[in-house]
Amino acid sequence: MDDTVADETARGDMTGIASEPVLRVDGLSVEFLTDPGPTRVVSDVSFAIGEGETLSLVGESGCGKSVTVMAILGLLEARRSRIAARAVRFQGRDLLAPGGKALRSVRGRGIGMIFQEPMTSLNPTMTVGEQIAEVLRFHLKLDRKAARARAIALLDRVRIPRAAERIDDYPFAFSGGMRQRVMIAMALACSPALLIADEPTTALDVTVQAEIFDLLRELQRETKTALLLITHDLGAVAEMADEVVVMYAGRIVERSPIAELFVRPEHPYTIGLLGASPEWQSDKRRLTPIRGRVPLPGDRLDGCRFAPRCPFVVDRCNSEIPPLAEIGPLHEAACWRAPLDPDQP
Amino acid sequence: MPFLSRLAGIVATLFLLSIVVFCLQLLLPGDIASILAGEDRSPETLAAISERFGLDQPIPVQYVRWLGNALQGDLGMSMRFNQPVSTLVLSKLPVTFQLATMALIFAILIGVTSGIIAAVFAGTAIDQTLGVFSILGFSIPNFWLGILLIMVVSVQWGLLPASGYVSPFVDPWQSFRTMLMPAFVLGSQLAAVLMRHTRSAMIEVLHSDYVRTAHAKGMPRWRIIIKHALRNALVPVVTLGALEFGQLLGGSVLTEWIFTIPGIGKLLVDAVFNRDYPIVQAVVLCSGAIYITLNLLADIAYVFLDPRTRRGAT
Ligand SMILES: Nc1ncnc2c1ncn2[C@@H]1O[C@H](COP(=O)(O)OP(=O)(O)OP(=O)(O)O)[C@@H](O)[C@H]1O
Ligand SMILES: [Mg+2]
């Protein structure tokens, strides 16, 4: 990549966030080396999260949200994937640096991560206490006793009843919601500057979902941790996020401050998404649920990937990819027709 | 409760085994009394022998008497050595046990280690090379490997003794040296099997969500492999290893014969050739009992390794 140097000067102003961001991702692309050939599942994704901020990444299943965050943390299988980016920086450290040394020192210490699957994300042969203490002992060099005491305090903090007794239990003795709490305790153990939560509630019951979001909100208020929240729950987005990034088929189609997004969504896909979500009825521009299906990563499309499903489609959409362009303060959309006039579909 | 039913199962299995073993002697050609009588086959002698060994009794009575004695450790007298069978078996058992244990340790050391390495480097030349060795280890017959080793290592290089046995209590080092090749030969198949199992179990575990979590926690790679992956991968492997120990004891018959090691296997082969039935019976019965015990131990090891099964067991 020859553009890393040029990029240094561009840092900061492209994101529009005043303070130095905690995490800055610039031009991230991910390809999987599959049988017929490399398939690109994430294309040119850029975003930044400021200290204590919450950025929400939304989009339909399969649009590349998980792959994006896994690529940032280097959790994709190296032999089966290829990652390219102008920069991925966490507190100024280059996470893509060869050798992965910066990455390893950041994982679990500077960035905590919660996964989509609470039932399988904990090691079945270690007690939850061991699994939490392990992080504390490795990163903070606590001794056995101190790590255990801290682990109990953490379990208590994520509202696990009788934490001192439960600490020696194995994951199988916990429900899905409780396991996700353990994951949160583990992710927050070293007071990271950033917490990445990849659909932390998707696998849980509705009532438990609300509890987990409440807990995350409360912990974030206490710890001032920045949060990268991936979710389908637009209600939670509305309540928690400062900024929203909408992805479609591996690309960012819209980026907006939360206040703007629900009032003035600009990309037809975002409009569709808001309309399709039962949590949110935007009354002005109600669309019927989005027709058609998400293109598969391998599908050949010359223009906008949303064009085949878009009610606002014009000729240009099928031949040229629309770039992400500013359409208002801190508000960007990748659409030839933005800003939209809803009365002329 | 599950433990009690397990125990009942074990007792039932041993009972069936004892019947089969007892019936062995009935199925064998020739009248036992006349075999025992040797040269002197006068009706008086035969009758005396029959009476002495209870051969004139109905078969169920004979069985009950035989079982009663067996339970008290009396498995009869060897016809050939004129010694109590139990004494003979007990004196040979440690030899075979040492051989099988060393073979098991070899198999685990070689098989599990190379399985881990193959899994960590899956798809690379290292993995493929180890795969070739595992196929060789599995398919080379023991007698061939044994003879090859004797010819090369003992005869040509003169490094290790080709045969015999030294008790570890007499000379531990010499005992180890004598057992080295036989144990390697006996354990080679199991090493290959364990390697393949460890490899596939490790590959599966290395792709699991909790290993991904461990990476996200920033744990170092080797710690993840040993602490997070291996333990989970070993649950099925250890169970297999313990079960296969029984196979090793069985397989030792041939190995003992190749390396002329005075263990149970050699005792059994000699007894078969000499129609020394009480010894055959005793060896089969002991092997069965040991095999069942090993099954039980494998289950216990499984419980120890996998906390999920602990609840049901206690
Ligand atoms: N290891 C892989 N090899 C090949 N393709 C993959 C791999 N992992 C993910 N993909 C593909 O990448 C695309 C994006 O997947 P990703 O898991 O990021 O979606 P997502 O937005 O997180 O969806 P969800 O909301 O269902 O979690 C999908 O089309 C998926 O099939
Ligand atoms: Mg996902």
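Predicted model, so just to flag it, every value in this text is computed and none were measured.

1. Concerning the overall build of chain B
Looking only at helices and strands, one finds 13 helices and zero strands in chain B. Its helices and strands taken in sequence order, chain B reads α-α-α-α-α-α-α-α-α-α-α-α-α from the N to the C terminus. C-alpha atoms of chain B, sized along the principal axes, occupy 85 × 60 × 35 Å. Sorting the 314 residues of chain B into buried and exposed places 42% on the buried side. Considering only contacts within chain B whose residues lie at least 6 apart along the sequence, 72% involve residues at least 24 apart. Split by element, the accessible area of chain B, about 16,300 Å² in all, is 70% carbon and sulfur. Of the side-chain charges in chain B, 20 are positive and 17 negative, and the distance between the mean point of each set is 18 Å.

2. A closer look at the interface of chain B and chain A
Of the residues lining the interface, 22 residues belong to chain B; the matching set on chain A comes to 28 residues. Together chain B and chain A conceal approximately 2,300 Å² of surface at their shared face, both sides included; 58% is due to carbon and sulfur atoms. When the area that chain B buries against chain A is broken down by residue, the three leading residues are B:Arg212, B:Ala216 and B:Lys217, summing to 26%. There are three salt bridges connecting chain B and chain A. For B:Lys217, the salt bridge is made with A:Glu134, and the minimal N-O distance between the two is 2.8 Å. For the pair chain B and chain A, the interface holds 16 residue pairs in polar contact (both at pLDDT 80 or more). Elements with a contribution of two residues or more to the side of chain B that touches chain A: α9 (209-216), α10 (221-258) and α13 (310-313) of chain B. Examining the composition of the side of chain B that touches chain A, we find that six residues originate from one element, α9(B), more than from any other. Across the side of chain B that touches chain A, the residue classes break down as seven nonpolar, six polar and nine charged.

3. Some details on unusual backbone geometry
Residues and elements named next belong to chain A. A positive phi angle, near 50°, is found at Asp 44, a position not held by glycine. Inspection of the secondary structure assignment puts Asp 44 in strand β2 (residues 37-49). Residue class for Asp 44 comes out partly exposed when judged on its relative accessible area of 41%. Positive phi values are uncommon outside glycine, yet Lys 141 reaches one of about 60°.

4. Points about the pairing of strand β3 (residues 54-58) of chain A
Here is the key point about a regular strand: its side chains alternate between the two faces of the sheet. Residue and element names in this part refer to chain A. Taken across its five residues, β3 has five buried, putting it largely inside the fold. Burial of β3 is two-sided: the residues Thr 54, Ser 56 and Val 58 facing one way and the residues Leu 55 and Leu 57 facing the other way are all buried. Examined bridge by bridge, β3 and strand β9 (residues 226-230) share four bridges and lie parallel to one another. When the sheet's bridge partners are listed, Thr 54 is paired in β9 with Leu 227.

5. A word on the site of ligand 1
Residues and elements named next belong to chain A. Close to ligand 1 lie 15 residues; Ser 61, Gly 62, Ser 66, Val 67 and Glu 199 are nearest. One of the side-chain N or O atoms of Ser 66 is found 2.7 Å from an oxygen atom in ligand 1. For ligand 1, the protein covers 69% of the area, taking 630 Å² as the surface of the free molecule. At three residues, the largest contribution of residues to the shell around ligand 1 is made by helix α2 (residues 65-72).

6. A look at the domain arrangement of chain A
Residues and elements named next belong to chain A. As assigned here, chain A comprises domain 1 (3-241) and domain 2 (246-333). At the junction of the two partners, domain 1 supplies 24 residues and domain 2 supplies 21 residues. Around 1,800 Å² of area is buried between domain 1 and domain 2 when both sides are counted, 64% of it from carbon and sulfur atoms. The interface formed by domain 1 and domain 2 contains one salt bridge. Linking Glu 60 and Arg 309 is a salt bridge whose minimum nitrogen-to-oxygen distance equals 3.2 Å.

7. Brief notes about the nonpolar core
Residues and elements named next belong to chain A. Counting 77 residues, the largest nonpolar core has Phe 47 and Leu 194 as its most contacted members. Looking at which element gives the most residues to this core, the answer is helix α7 (residues 176-188), with seven residues. Excluding anything up to four places from it in sequence, Leu 194 contacts Val 22, Leu 23, Ile 49, Phe 90, Gly 110, Ile 111, Gly 112, Thr 225, Ala 226, Leu 227 and Leu 228.

8. Things to note about the domain arrangement of chain B
All names here are of chain B. Domains assigned within chain B are domain 1 (2-71) and domain 2 (85-313). The distance between the C-alpha centroids of domain 1 and domain 2 comes to 34 Å. Tallying the contact residues gives 14 residues for domain 1 and 12 residues for domain 2. Around 1,300 Å² of area is buried between domain 1 and domain 2 when both sides are counted, 73% of it from carbon and sulfur atoms.

9. With respect to the layout of surface pockets
Its boundaries defined by the atoms lining it, the largest pocket holds a volume of some 1,400 Å³. Around the largest pocket sit 41 residues that line it, and A:Gly74, A:Leu75, A:Leu76, A:Glu77 and A:Ala78 are the ones nearest its centre. Counting only elements with at least two residues in the lining of the largest pocket, the list comes to α2, β4 (81-84) and α3 (101-106) of chain A together with α5 (85-120), α8 (172-206), α9 and α10 of chain B. The class makeup of the residues in the lining of the largest pocket is 24 nonpolar, eight polar and nine charged.

10. Description of empty space enclosed by the protein
Taken as a whole and judged by the stated rule, the model has five cavities of 30 Å³ or more. When its volume is computed, the largest cavity comes out at roughly 70 Å³. In terms of lining residues, the largest cavity is bounded by A:Gly108, A:Gly112, A:Met113, A:Phe115, A:Met183, A:Met186, A:Ala187, B:Thr213, B:Ala216 and B:Lys217. Looking at the lining of the largest cavity, the elements with two or more residues in it are β7 (111-114) and α7 of chain A together with α9 of chain B. In terms of residue count, α7(A) provides more of the lining of the largest cavity than any other element does, three residues in total. Class assignment of the residues belonging to the lining of the largest cavity gives a composition of six nonpolar, three polar and one charged.

11. Some thoughts on the state of the cysteines
The full count for this structure, using the stated rule, is zero disulfides over all chains. As a non-bridged cysteine, B:Cys286 has B:Cys23 as the owner of its nearest cysteine sulfur, 18 Å distant.

12. Re the sheet that holds strand β12 (residues 325-328) of chain A
The strands making up a sheet are joined through hydrogen bonds of the backbone, oriented either antiparallel or parallel. All names here are of chain A. Spatially, the eight strands line up as an open sheet ordered β7-β8-β9-β3-β10-β11-β13-β12, and their pairing is mixed. Two strands bound the open sheet, and with one partner strand each, they are β7 and β12. Direction aside, the axes of adjacent strands within the sheet are offset by 20° on average. Here strand β8 (residues 194-198) runs beside β9; their pairing, made up of five bridges, is parallel.

13. Remarks on the UniProt feature "domain: ABC transporter" (unreviewed entry) in chain A
Mapped onto this numbering, the UniProt entry annotates "domain: ABC transporter" (unreviewed entry) at residues 23-274 of chain A. Secondary structure over residues 23-274 of chain A splits into 38% helix and 27% strand, and the C-alpha atoms at its two ends are 27 Å apart.

14. Things to note about helix α8 (residues 206-223) of chain A
Residues and elements named next belong to chain A. Between its first and last C-alpha, α8 extends 26 Å over 18 residues, near the 26 Å set by a 1.5 Å rise per residue. Within α8, the full set of buried residues consists of Val 208, Gln 209, Ile 212, Phe 213, Leu 215, Leu 216, Leu 219 and Gln 220. Projected onto a plane normal to the axis of α8, the buried residues spread over an arc of 160° and lie on a single side. In α8, the exposed positions angled more than 90 degrees off the buried face are occupied by Val 206, Thr 207 and Arg 221.

Quick notes on the rules
Residues numbered from 1 in each chain as written. Chains lettered and ligands numbered in written order. Predicted model: local features only at pLDDT ≥ 70, side-chain atom pairs only at ≥ 80, totals over all residues. Heavy atoms only, no water. Helix = DSSP H or I, 4+ residues; strand = E, 2+ residues; numbered from the N terminus. Buried < 20%, exposed > 50% of the residue type's maximum accessible area, 1.4 Å probe, protein only. Contact = heavy atoms within 4.5 Å. Areas by Shrake-Rupley, 256 points an atom, 1.4 Å probe, with all protein chains shown as cover. Lys, Arg positive; Asp, Glu negative; His and termini not counted. Charge placed at Lys NZ, Arg CZ, Asp CG, Glu CD. Buried area = accessible area lost by both parts, 1.4 Å probe. Salt bridge = Lys/Arg side-chain N within 4 Å of Asp/Glu carboxyl O. Polar contact = N/O pair within 3.5 Å; in protein donor to acceptor, adjacent residues only side chain to side chain. Nonpolar A, V, L, I, M, F, W, Y, C, P; charged D, E, K, R; others polar. Pairing = 2+ DSSP bridges. Near = heavy atom within 4 Å. Domains from an automatic or database assignment. Core = buried A, V, L, I, M, F, W, Y, C linked by side-chain atoms within 4.5 Å. 1 Å grid on protein atoms, 1.4 Å probe; cavity = no way out; pocket = protein on both sides within 12 Å on 5 of 7 lines; lining within 4 Å. Points joined across faces, edges and corners; volume = space filled by probe spheres on them. Disulfide = S-S within 2.5 Å. Axes fitted to C-alpha atoms, helices over the stretch in contact; angles between N-to-C directions. UniProt positions renumbered as here; feature names shortened; annotations may be inferred. Expected span 1.5 Å × (residues − 1). Arc of directions from axis to C-beta.

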